[in-house]
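A structural walkthrough
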Amino acid sequence: MSFLTQLPYEWQIGWRYTRAGRAGRRNGFISFISFVSVIGIALGVAALIIVLSVMNGFQKEVRDRMLSAIPHVELLSPGGDALPDWQALAQQAKQQPEVQAAAPFIAVQSLLARGEDMRGVMVRGVEPADEGGVTDLAAQLKRDGVLDRLQPGEWKIVLGSELARSLGVREGDPVTLIAPGGQVTPAGVAPRLKQFTVAGVFTVGHYEYDSALALVNLDDAARLYRVGGPTGVQLRLKDVQDARRVGADLSVRLGNQVLVRDWTRTNAAWYDAVQIEKRMMAIILTLIVAVAAFNLVSTLVMTVTDKRADIAILRTLGASPRSIMGIFVVQGAAAGVIGTLAGVSLGLLVAFNIDVIVPAIEHLLGVHFLPGSVYLISRMPSDPQAGDIVPIACISLALAFLATLYPSWRASRVNPAEALRYE
């Protein structure tokens, strides 16, 4: 209380109006409406934080699974030919502080056949010694000893689990790889075929790669596709979020001789869809906060009507219209601050404990929101980020402040003589 007494009287009266009215029958309804407004702001802010945190969690989960199979940045030959000196290019890229590792590769769309079954695949020729430092998938295959089976000249291949299942093959089975183009023979153009032996099967957890990705040795790919060497260099970064910036820097540094492509451009459709969906969800849920914040308008208008006599007395004692306006701005802003802080606290509490709360709700209701047989992700992920929470709190406070301006202006326009005429 000693702290409040040191504040300007506008702050003291505004805070007193915020707390007053609960015991009196006359303005108890006004206090109830004010309480509902605070609860509405808190629930709106909490809902916004929880939803965006869950969306961030799903985005991070899918992104991590996707990036376990693909590099963060690719340096490609513009014409699709072999790079003249990929080692020098890799060393030049490693001079960028954000680049952790580099490895050569060849990537070609092909057909994979087993009997009468045929599937379109992305064949990636890799160097087993270097690949483990670039992708998590290769690191896992290297720990399991699968990647080391891809020795040059042995014509072995590692398939995604969905691809292997659709072709009905397992480790040790032969498959036929059909290269694009063909070779000219006296009988016409014949496709280039090569039989490979399945050396292993991997599971990324992302259907696009589990169903259409195959790994072979770099030298075998160069011989099959008739390229002189690697057609690109793949890079791993310290932070995947820096991929666009690092890609732009490398593009400027390396010039037109190299095509630079980061993972956000390789998967542009997915990346843009997620960003748009997140923005639209934020806008929709912000409207909930706006509705709750503008409930303060009705609360303050009724408070101004109820306090007309008090306003008139303050004016006769020398209070300026600006001071009267400040009193009701403080009252509305206090409700906005309380609601926002309560909403942020509730939202963070739920977002950080959603892995406990959701299973408890599932157990209570006897349902399973994300069955593993249907969805790749069987748990509800959450990733609260300060970049979302701080703007949410600021927008909530700004809306609450804007909601106070009209009622406060009306309070400042009260005529003391007219207000006291019937008192």
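Residues numbered from 1 in each chain as written. Predicted model: local features only at pLDDT ≥ 70, side-chain atom pairs only at ≥ 80, totals over all residues. Heavy atoms only, no water.

As named in an unreviewed UniProt entry, the protein chain is Lipoprotein-releasing ABC transporter permease subunit, taken from Ideonella oryzae. In its Sequence similarities (unreviewed entry) section, the UniProt record describing the protein chain reads: "Belongs to the ABC-4 integral membrane protein family. LolC/E subfamily." Here the protein chain is described in UniProt, under the heading Subcellular location (unreviewed entry), as follows: "Cell membrane". (UniProt positions renumbered as here; feature names shortened; annotations may be inferred.)

Attention now goes to the packing of aromatic side chains. Following the criterion strictly, the structure yields 1 aromatic pair and no others. Measuring from centroid to centroid gives 5.5 Å for tryptophan 155 and phenylalanine 196, while their planes differ by 80 degrees, and the two rings are edge-to-face. With a gap of 41 residues between them, tryptophan 155 in the loop between helix H6 (136-143) and strand S4 (156-160) and phenylalanine 196 in strand S6 (residues 188-202) connect regions that are remote in the sequence. Across this residue pair, the class does not change: tryptophan 155 and phenylalanine 196 are buried. (Phe/Tyr/Trp six-rings, centres within 6.5 Å; stacked < 30°, edge-to-face > 60°. Helix = DSSP H or I, 4+ residues; strand = E, 2+ residues; numbered from the N terminus. Buried < 20%, exposed > 50% of the residue type's maximum accessible area, 1.4 Å probe, protein only.)

If you walk through the whole model with that rule in mind, you get 15 salt bridges. The partner of aspartate 249 in a salt bridge is arginine 245, and the shortest N-O contact between them spans 3.7 Å. With a gap of 4 residues between them, aspartate 249 and arginine 245 both fall in helix H10 (residues 243-254), about one helical turn apart. Here arginine 265 makes a salt bridge to aspartate 262, at a shortest N to O gap of 3.3 Å. You can call aspartate 262 buried: its relative accessible area is 3%. Connected via shared salt-bridge partners are Glu98, Asp242, Arg245 and Asp249. (Salt bridge = Lys/Arg side-chain N within 4 Å of Asp/Glu carboxyl O.)

So, about the pairing of strand S7 (residues 213-217). Of all the 5 residues making up S7, 5 are buried; the element is thus mostly covered by neighbouring parts of the structure. Where strand S3 (residues 117-126) and S7 come together, 5 bridges link them in parallel fashion. The partner of arginine 124 across the bridge, within S7, is leucine 215. Taken together, the 3 bridges between S4 and S7 define a ladder with antiparallel strand orientation. The residue bridging leucine 159 from the neighbouring strand is alanine 214, located in S7. (Pairing = 2+ DSSP bridges.)

Before going further, it helps to examine the layout of surface pockets. One number sums up the size of the largest pocket: a volume of about 470 Å³. Taken together, 26 residues make up the lining of the largest pocket; nearest its centre are Ala107, Gln109, Met122, Arg124 and Arg261. Among the secondary structure elements, those contributing two or more residues to the lining of the largest pocket are strand S1 (73-76), strand S2 (99-114), S3 and helix H8 (207-210). Of the residues belonging to the lining of the largest pocket, the class tally is 15 nonpolar, 7 polar and 4 charged. Empty space within the second largest pocket amounts to approximately 260 Å³. Looking at the second largest pocket, the residues that line it are Ile50, Val51, Val54, Met55, Phe58, Gln59, Val62, Trp270, Val274, Glu277, Lys278 and Ile354. Top contributing element to the lining of the second largest pocket by residue count: helix H3 (residues 28-67), with 7 residues. Here the residues of the lining of the second largest pocket are counted per class, giving 9 nonpolar, 1 polar and 2 charged. (1 Å grid on protein atoms, 1.4 Å probe; cavity = no way out; pocket = protein on both sides within 12 Å on 5 of 7 lines; lining within 4 Å. Points joined across faces, edges and corners; volume = space filled by probe spheres on them. Nonpolar A, V, L, I, M, F, W, Y, C, P; charged D, E, K, R; others polar.)

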